[in-house]
Amino acid sequence: MNPEDILPVASPVDPRSRFDSVYRILDDAIAARAFPGCAFGVLAGGEVVLKDALGRFTYDEGTPAVTAETIYDVASITKVAATTAAAMLLHQRGLLDLDTPLGELLPGFVVGRAPGELARYVKLRHLLAHNSGLPGYVEFFRTATTPSALYRSCLELSLEAEPGARAEYSDPGFILLGKALEVLTREYLATWVRREVFLALGLAATGFCPPPGARSSIPPTEEDTALRQRRIQGEVQDEHAWLLNGAGGHAGLFSNVPDLLRFAGEILAAAANTGNALLFDAATVEIFAQRQSPEGSSRALGWDTPSENSSSGRHFSPHSIGHLGFSGCSLWIDLDAGIAVALLTNRTWPDRQSQLIRAVRPAFHDAVREAL
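Being a predicted model, the structure only gives us computed values, none of them experimental.

A. Quick look at the side chain of threonine 83. Structurally, the position occupied by threonine 83 is in helix 4 (residues 78–92). The buried category is assigned to threonine 83, whose relative accessible area is 0%. In this structure the side chain of threonine 83 is engaged in a polar contact, spanning 2.5 Å, whose partner is the backbone oxygen of glycine 249. If sequence neighbours within four positions are ignored, threonine 83 has contacts with Thr78, Phe174, Leu177, Gly178, Leu181, Leu189 and Gly249.

If you want it as structure tokens, here you go:
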């Protein structure tokens, strides 16, 4: 099933005539080496009103040009398009209780914790909201060499705050959440979400671990001189997802603009409660789109929401959800306006140093919304 068989595309019009400022921002970003290329798309009024691409796989003129269908490593968009989507569907089916203590699913989590015995109070809700008290990032790959060793390292982490008291975006939290969902479903997360979400929505280009024969058609993310000692192309960039055989609860997903817009369209259809959604219902979207504690956090359940100086720019409503990916990707969905915007890049090429995309993202989203 092609996403465009479900999601209509607006009548063909030269997109530059309507979105000229969008193209100028992206052209300038490529010229400034914020990223070598990008694919981007906009869903509005139930139609794809923009879907295009600029630039190349790398800064070398001999590399392939990016197309609107080019597949990218979307990094932490995995957290919403795979892990949170699975949690939403399991919750909707009555199979996941957000207030289940993590230790009930992963008993090793309650051993040797500090401060005190707070681990028993960490619930699935806390992992989704990034307020579990777990640290944000730890370089486990420096010592762990197998999936079991990585999970053990996550389970043995000490809490740095009382659950619910502090918001800190946590990769270890989502690594553990992905494992907890596997315990609930008795399947690998990658297998379950492919069948129950991706195939159900017709997302043919979305999944974990692209086959070797497809890797050359995916823009590279990095010349890795630290760990793998090779060009990272068509395999996950994130070191911990790589240790988890390419599929973690926090990273590992590959996708393209048409698929992400189709996924966003499902969220919008569910939120609008028009009867056109295939998977989710309005109540589920509303629950997962609500900001969580502590006050001031922009985090909903799995999703982020606009905050001051948000990557979504100035025009997305407070009732918007989205997520970024370290590799240079983003997806933002305005539930009030019925608009979704996807931008996929490999801003980490050839290394991770450039931060120019931080200024590009809000300017890009502002230009899109002003053009609409």
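Structure shown, so let's carry the discussion forward.
B. Focus on the pattern of salt bridges. Inspection of every chain in the model, using the stated rule, returns 24 salt bridges. Salt-bridge contacts for arginine 369 lead to aspartate 334; the nearest nitrogen and oxygen are separated by 3.1 Å. In this pair, arginine 369 is assigned in helix 13 (residues 357–371) and aspartate 334 in strand 9 (residues 329–334), connecting sequence segments 35 residues apart. According to the relative accessible area criterion, aspartate 334 is buried, its value standing at 2%. In the salt-bridge network here, residues are joined through shared partners; they are Arg93, Glu187, Arg195 and Glu196.

C. The sheet that holds strand 4 (residues 207–208), seen in detail. The antiparallel open sheet is built from three strands, whose spatial order is 3-7-4. If you trace the sheet from one side to the other, it starts and ends with strand 3 (72–75) and strand 4, each paired once. Bridging between strand 3 and strand 7 (residues 253–255) involves three bridges; their strand directions are antiparallel. Across the sheet, the residue bridging to tyrosine 72 is serine 255, located in strand 7.

D. Geometry of unusual backbone geometry. The linkage connecting serine 293 with the following residue, proline 294, adopts the cis geometry, with an omega of -5°. Structurally, the position occupied by proline 294 is in the loop between helix 12 (282–288) and strand 8 (320–325). Following tryptophan 349, the chain continues into proline 350 via a peptide bond in cis, with omega recorded as -5°. By the secondary structure assignment, proline 350 is in the loop between strand 10 (339–345) and helix 13. Phi is positive for arginine 33, close to 65°, though the residue is something other than glycine. Mapped onto the elements of the fold, arginine 33 is located in the loop between helix 3 (20–31) and strand 1 (37–44). Phi is positive for cysteine 209, which is not a glycine, with a value near 55°. Looking at where cysteine 209 falls in the secondary structure, it is placed in the loop between strand 4 and strand 5 (222–224).

E. The sheet that holds strand 2 (residues 47–55), seen in detail. Ordered in space as 2-1-10-9-8, the five strands form an open sheet in which the pairing is antiparallel. The open sheet has two edge strands with one neighbour each: strand 2 and strand 8. Strand after strand, the sheet turns through a mean of 5° between neighbouring axes, direction not considered. The pairing of strand 1 with strand 2 spans eight bridges and is classified as antiparallel. What sits directly across from glycine 37, in strand 2, is glycine 55. Against the sheet, helix 3 touches strand 1, strand 2 and strand 10, its axis set at about 25° to strand 2. Set on the sheet, helix 11 (residues 257–272) makes contact with strand 1, strand 2, strand 8, strand 9 and strand 10; between it and strand 1 the angle comes to about 25°.

Cut-offs used in this document
- Residues numbered from 1 in each chain as written.
- Predicted model: local features only at pLDDT ≥ 70, side-chain atom pairs only at ≥ 80, totals over all residues.
- Heavy atoms only, no water.
- Helix = DSSP H or I, 4+ residues; strand = E, 2+ residues; numbered from the N terminus.
- Buried < 20%, exposed > 50% of the residue type's maximum accessible area, 1.4 Å probe, protein only.
- Polar contact = N/O pair within 3.5 Å; in protein donor to acceptor, adjacent residues only side chain to side chain.
- Contact = heavy atoms within 4.5 Å.
- Salt bridge = Lys/Arg side-chain N within 4 Å of Asp/Glu carboxyl O.
- Pairing = 2+ DSSP bridges.
- Axes fitted to C-alpha atoms, helices over the stretch in contact; angles between N-to-C directions.

No statement about biological role is implied by the geometric values presented.
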